[in-house]
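Tertiary structure, described
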Amino acid sequence: QVQLVESGGGLVQAGGSLRLSCAASGRTFSSYTMGWFRQAPGKEREFVATISRGGGTTYYADSVKGRFTISRDNAKITVYLQMNSLKPEDTAVYYCAAARSSGWPVKGGSEYDYWGQGTQVTVSS
């Protein structure tokens, strides 16, 4: 079992930056592919980014490519999402998730086994 707790959300102006963190519990963190998803009001949850178990491979949604960076520190059992050049359309609740799947890229929500509670990101214009 893995428990995930996100932090770092908040209100930022367009063009600004935020770094989200997702702290995990458990000793098997490095055996999970990690991902970030987001859900805006009235919209379906969408994939943002994923990172491989060792952290050497990443994959991004086209909408965030070049602006967001996912990373992980297995020693600290934490995954991060650095968000730069934020836009109002990035406003959403952001969730981190853990997947046992050995496939790649793991970008379907149903492929993830554990989810955090989410953190709100609001980008003002």
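The following refers to the structure shown. (Residues numbered from 1 in each chain as written. Predicted model: local features only at pLDDT ≥ 70, side-chain atom pairs only at ≥ 80, totals over all residues. Heavy atoms only, no water.)

Here the focus is the nonpolar core. By size, the foremost hydrophobic cluster in this structure holds 37 residues, and its most contacted members are Leu4, Trp36, Val79, Leu81, Met83 and Tyr94. Elements represented by at least two residues in this core include exactly β3 (18-24), β4 (33-39), β5 (46-51), β7 (68-73), β8 (78-83), β9 (92-99) and β11 (119-124). A total of six residues in this core trace back to one element, the largest contributor, which is β9. (Core = buried A, V, L, I, M, F, W, Y, C linked by side-chain atoms within 4.5 Å. Buried < 20%, exposed > 50% of the residue type's maximum accessible area, 1.4 Å probe, protein only. Helix = DSSP H or I, 4+ residues; strand = E, 2+ residues; numbered from the N terminus.)

Moving on, we come to the pattern of salt bridges. Throughout the structure, instances matching the rule amount to five salt bridges. Notably, a salt bridge pairs Asp90 with Arg38, separated by 2.9 Å at the nearest N-O pair. In this pair, Asp90 is assigned in the loop between β8 and β9 and Arg38 in strand β4, connecting sequence segments 52 residues apart. Of the two residues, Asp90 and Arg38, both sit in the buried class. Among the charged side chains, a salt-bridge network with shared partners connects Arg38, Glu46, Arg67 and Asp90. (Salt bridge = Lys/Arg side-chain N within 4 Å of Asp/Glu carboxyl O.)

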